[in-house]
Amino acid sequence: MADPAKPTPHPTPETQPFWDATALGELHLQRCRACDTHYFPPRPFCPHCHTDDVVWERCSGRGRLHTYMINHRPPPGWRDEAPYTIAVVELEEGPRMMSNIVGVEASPESLELDMELEVTFEDQGGMQVPKFRPATAAVAQTGEVVA
Ligand SMILES: [Zn+2]
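Quantities reported herein were computed from a predicted structural model and do not represent experimental measurements.

Participant: I'd like a rundown of the sheet that holds strand 1 (residues 28-32), residues and numbers included.
Facilitator: With antiparallel pairing, 3 strands are arranged side by side in an open sheet as 2-1-3. With partners counted over all chains shown, the strands left at the sheet margins are strand 2 (37-39) and strand 3 (54-58), one partner each. Looking at each pair of strands side by side, their axes are set apart by 40° on average, direction ignored. Bridging between strand 1 and strand 2 involves 3 bridges; their strand directions are antiparallel. Considered in strand 2, the bridge of Gln30 is made with Tyr39.

Here's what the structure looks like:
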């Protein structure tokens, strides 16, 4: 029996602007204009000061690996990719986002806490889902240090 496809995100009115942006290859977050704080996940009110004076803005797409786990027993639809990494990424703007780490082996030897990451997007059922990979700038910086 064939595996079912990976689950596809279903946008709600609150999350539609997020998915509109990922469709363009951009990561957007909400920012509260009253207390100047970015937050995630999407909601119509600032979780810090409760105002509704909030805007959507493109963020840098850069972050750091806050924590992770390696899944060796994936659900249907993910079997070809096991093991894979489920991570909490702390974005440069502050909010933390659950995602997957791609472009690097899913092993403790390859995943260093606080390693610099950058967003990339993976098509899941026609939706562009944000994932994170080791930042290319970090590789360049390491190269400079070594040289
Ligand atoms: Zn606020």
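Participant: I'd like a description of the environment of Tyr84, backed by residues and values.
Facilitator: Here Tyr84 shows up in strand 5 (residues 84-91). Sequence-wise, Tyr84 and Val104 are 20 residues apart; in three dimensions their C-alpha atoms are separated by 9.6 Å. Apart from the residues lying within four places of it in its own chain, the contact partners of Tyr84 are Met69, Ile70, Asn71, Pro74, Pro75, Trp78, Asn100 and Ala106.

Participant: Residue-level account of the coordination of the zinc ion, with values.
Facilitator: For the zinc ion, the full set of protein donor atoms is Cys32 (SG), Cys35 (SG), Cys46 (SG) and Cys49 (SG), at a range of 2.2 to 2.3 Å. Given 4 donor atoms and angles of 103 to 118° at the metal, the environment of the zinc ion is assigned as tetrahedral. Positions of the donor residues of the zinc ion along the chain correspond to the pattern C-x2-C-x10-C-x2-C. Taken together, the positions of Cys35 in the loop between strand 1 and strand 2 and Cys49 in the loop between strand 2 and strand 3 put the pair 14 residues apart, joining distant regions of the chain. Exposure remark for Cys49: the relative accessible area of 35% places this residue in the partly exposed category.

Participant: Describe the confidence of the model for the protein, listing the residues and the values that go with them.
Facilitator: Averaged over all residues, the pLDDT of the protein is 90; the fraction at 70 or higher stands at 90%. The model gives residues 143-147 a pLDDT under 50, and that stretch makes 0 contacts with residues more than four places away or in other chains.

Participant: Report on the side chain of Gln124, specifying residues and quantitative values.
Facilitator: Relative to the elements of secondary structure, Gln124 occurs in strand 7 (residues 116-124). By relative accessible area, which is 6% here, Gln124 ends up buried. Not counting chain neighbours up to four residues away, the residues in contact with Gln124 comprise Lys6, Pro7, Thr8, Pro9, Trp78, Val129 and Lys131.

Participant: A description of the packing of aromatic side chains should follow, citing residues and the corresponding values.
Facilitator: Under the counting rule described, the total for this entry stands at 2 aromatic pairs. An angle of 45° between the planes, with centres 5.5 Å apart, marks the rings of Phe18 and Phe40 as tilted. With Phe18 in helix 1 (residues 16-22) and Phe40 in the loop between strand 2 and strand 3, the pair connects residues that are 22 residues apart, well separated along the chain. Put simply, the rings of Phe18, Trp19 and Phe40 touch in pairs and so form one group of aromatic residues.

Conventions used here
- Residues numbered from 1 in each chain as written.
- Predicted model: local features only at pLDDT ≥ 70, side-chain atom pairs only at ≥ 80, totals over all residues.
- Heavy atoms only, no water.
- Pairing = 2+ DSSP bridges.
- Helix = DSSP H or I, 4+ residues; strand = E, 2+ residues; numbered from the N terminus.
- Axes fitted to C-alpha atoms, helices over the stretch in contact; angles between N-to-C directions.
- Contact = heavy atoms within 4.5 Å.
- Donors = N, O, S within 2.8 Å, 3.2 Å for Na, K, Ca; no water.
- Tetrahedral: all angles 85-135°; square planar, octahedral: opposite > 155°, others 65-115°.
- Buried < 20%, exposed > 50% of the residue type's maximum accessible area, 1.4 Å probe, protein only.
- pLDDT = per-residue confidence, 0-100.
- Phe/Tyr/Trp six-rings, centres within 6.5 Å; stacked < 30°, edge-to-face > 60°.

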